[in-house]
Amino acid sequence: MKGDTLEPIKVESTRGITVDTQEFHPEPRVASIVASRFKPEWVVNIKETGRILMVNYSDLNNLRTTSIAADRFLHDGGFDSTGRYFLVAANARNKIAVVDTRASKLVKIIEVSQTPHPGRGANFVHPKHGPVWATGHLGSSTVSLIGTDPAKHKEQAWTVVQELDGQGGGSLFIKTHPKSRNLYVDTPLHPEAEISSSVAVFDLNDLDKPYEVLPIGQWSGITEGQRRVVHPEYNKDGTEVWFSVWNARNQESAIVVVDDRTRKLKHVIRDKRLVTPTGKFNIYNTQHDVY
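The following paragraphs examine the structure supplied in this document. (Residues numbered from 1 in each chain as written. Predicted model: local features only at pLDDT ≥ 70, side-chain atom pairs only at ≥ 80, totals over all residues. Heavy atoms only, no water.)

In the sheet, strand 9 (residues 95–100) pairs with strand 10 (residues 105–111) via six bridges, with the strands oriented antiparallel. Bridge pairing links Val-98 to Lys-108 in strand 10. In sequence, strand 9 turns back onto strand 10 through a hairpin of four residues, with Ser-104 there showing a positive phi of about 55 degrees. (Pairing = 2+ DSSP bridges. Helix = DSSP H or I, 4+ residues; strand = E, 2+ residues; numbered from the N terminus.)

If you want it as structure tokens, here you go:
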């Protein structure tokens with residue numbers, strides 16, 4: 001599309017053959033899309049076919065698309081800390097697919113726990129295994145840490161180097177920040193109200209230490225509904241973490257701000273215009289893939 005008017009310039013179909021059963025799918029969805037830092041190319045994740053399309057848009061009249069066979073069903077994903085490798089969940093198959101956006105090819109498909117849902121994932125330096133990328137899961141309490149440094153940590157690269165045990169299944173987002181030593185894992189889809197209304201926080205300096213539970217729903221001051229807590233998001237400086245408190249559309253929701261250093265409540269935003277708030281994104285962190 002044109003950047004100023006959003007007028008479509010080129011329209012391409014996502015229809016295609018599934019990677020496993022080799023059947024034609026008439027209307028697969030685009031699950032997520034990111035831009036390569038190395039060339040004029042989109043990384044387009046096609047949900048139902050399990051294909052990752054590397055779309056080079058340098059010449060729209062002679063569009064070049066590389067189709068990468070990953071697995072179904074592709075969903076959310078994020079870059080490693082260098083911005084070269086894109087890791088995306090194939091949640092129906094309990095896999096994470098890794099794409100080298102410089103070479104435009106598949107690196108590896110990694111088996112993780114049940115129904116991974118990373119959001120964009122979380123990047124940090126593991127005390128033993130070097131740079132890692134983390135994902136939570138919808139179907140289990142596991143947090144999988146995947147090595148992402150093939151240059152200096154070759155043996156750990158593209159393998160699950162450690163699994164953390166969180167509060168439970170139903171996790172949608174996991175988040176940290178380069179200036180933080182905390183790792184936040186939400187569980188908004190867990191059936192138990194106490195778990196869905198709180199978050200687990202791990203200490204990145206000591207990942208063997210038990211997680212701390214922050215009662216975000218309770219801190220919001222809302223007394224009605226299940227108060228599902230979702231999507232931790234840092235401010236630019238990494239000093240605050242913002243959480244959405246979901247509720248039904250006819251009930252009150254909120255946004256809760258936590259001091260990252262102390263893990264204490266800092267502020268609560270309540271307004272009738274906040275109707276089931278979901279993603280809220282710091283512009284700088286989004287532009288620079290800080291997560």
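Now for the pattern of salt bridges. Taken as a whole, this structure holds 14 salt bridges when the rule is applied. Across the salt bridge formed by Arg-37 and Asp-289, the nearest N and O atoms sit 3.0 Å from each other. Note that Arg-37 is positioned in the loop between strand 3 (30–35) and strand 4 (41–46) and Asp-289 in the segment after helix 3 (283–287), a separation of 252 residues in sequence. The class for Arg-37 is partly exposed, based on a relative accessible area of 45%. (Salt bridge = Lys/Arg side-chain N within 4 Å of Asp/Glu carboxyl O. Buried < 20%, exposed > 50% of the residue type's maximum accessible area, 1.4 Å probe, protein only.)

Grouped together as the largest cluster of nonpolar side chains are 15 residues, with contacts concentrated most on Phe-124, Leu-145 and Leu-183. Mapped by element, the contributors of at least two residues to this core are strand 11 (122–126), strand 12 (130–135), strand 13 (142–147), strand 14 (160–165), strand 16 (182–186) and strand 17 (199–203). The residues touching Phe-124, leaving out its near neighbours within four places in the chain, are Gly-130, Pro-131, Val-132, Ala-134, Leu-145, Thr-176, Leu-183, Leu-204 and Leu-207. (Core = buried A, V, L, I, M, F, W, Y, C linked by side-chain atoms within 4.5 Å. Contact = heavy atoms within 4.5 Å.)

Turning next to the pairing of strand 21 (residues 254–259). Of all the six residues making up strand 21, five are buried; the element is thus mostly covered by neighbouring parts of the structure. As paired elements, strand 20 (residues 240–246) and strand 21 share six bridges and run antiparallel to each other. Note that in strand 21 the partner of Val-245 across the bridge is Ala-254. Of the pairings in the sheet, the one linking strand 21 to strand 22 (residues 264–269) comprises five bridges and is antiparallel in character. Residue pairing for strand 22: Val-257 is matched across the bridge by His-267.

Let us look at the packing of aromatic side chains. In total, this model carries six aromatic pairs according to the counting rule given. An aromatic cluster of three or more residues is present, and its members are Tyr-184, Tyr-234 and Phe-243. (Phe/Tyr/Trp six-rings, centres within 6.5 Å; stacked < 30°, edge-to-face > 60°.)

Looking now at the sheet that holds strand 17. Sheet strands line up and pair through hydrogen bonds in the backbone, either parallel or antiparallel. In space, the four strands of this open sheet follow the order 15-16-17-18, with antiparallel pairing throughout. The outermost strands of the open sheet, each flanked by one partner alone, are strand 15 (174–175) and strand 18 (212–214). Two elements, strand 16 and strand 17, share five bridges in a ladder whose sense is antiparallel. Paired with Tyr-184 across the bridge in strand 17 is Val-201.

Here we come to a nonpolar patch on the surface. On the surface, a nonpolar cluster with roughly 520 Å² of combined accessible area is contributed by Ile-9, Val-30, Ile-33, Trp-42, Tyr-57 and Leu-60. Note that Leu-60 resides in the loop between strand 5 (51–56) and strand 6 (64–69). (Patch = residues over 30% accessible without salt bridge, like charges linked within 9 Å, V, L, I, M, F, W, Y side chains within 5 Å. Areas by Shrake-Rupley, 256 points an atom, 1.4 Å probe, with all protein chains shown as cover.)

If you trace the backbone, Asp-59 turns up in the loop between strand 5 and strand 6. Remark: the alpha-carbon pair of Asp-59 and Pro-40, spanning 19 residues in sequence, is separated by 9.6 Å.

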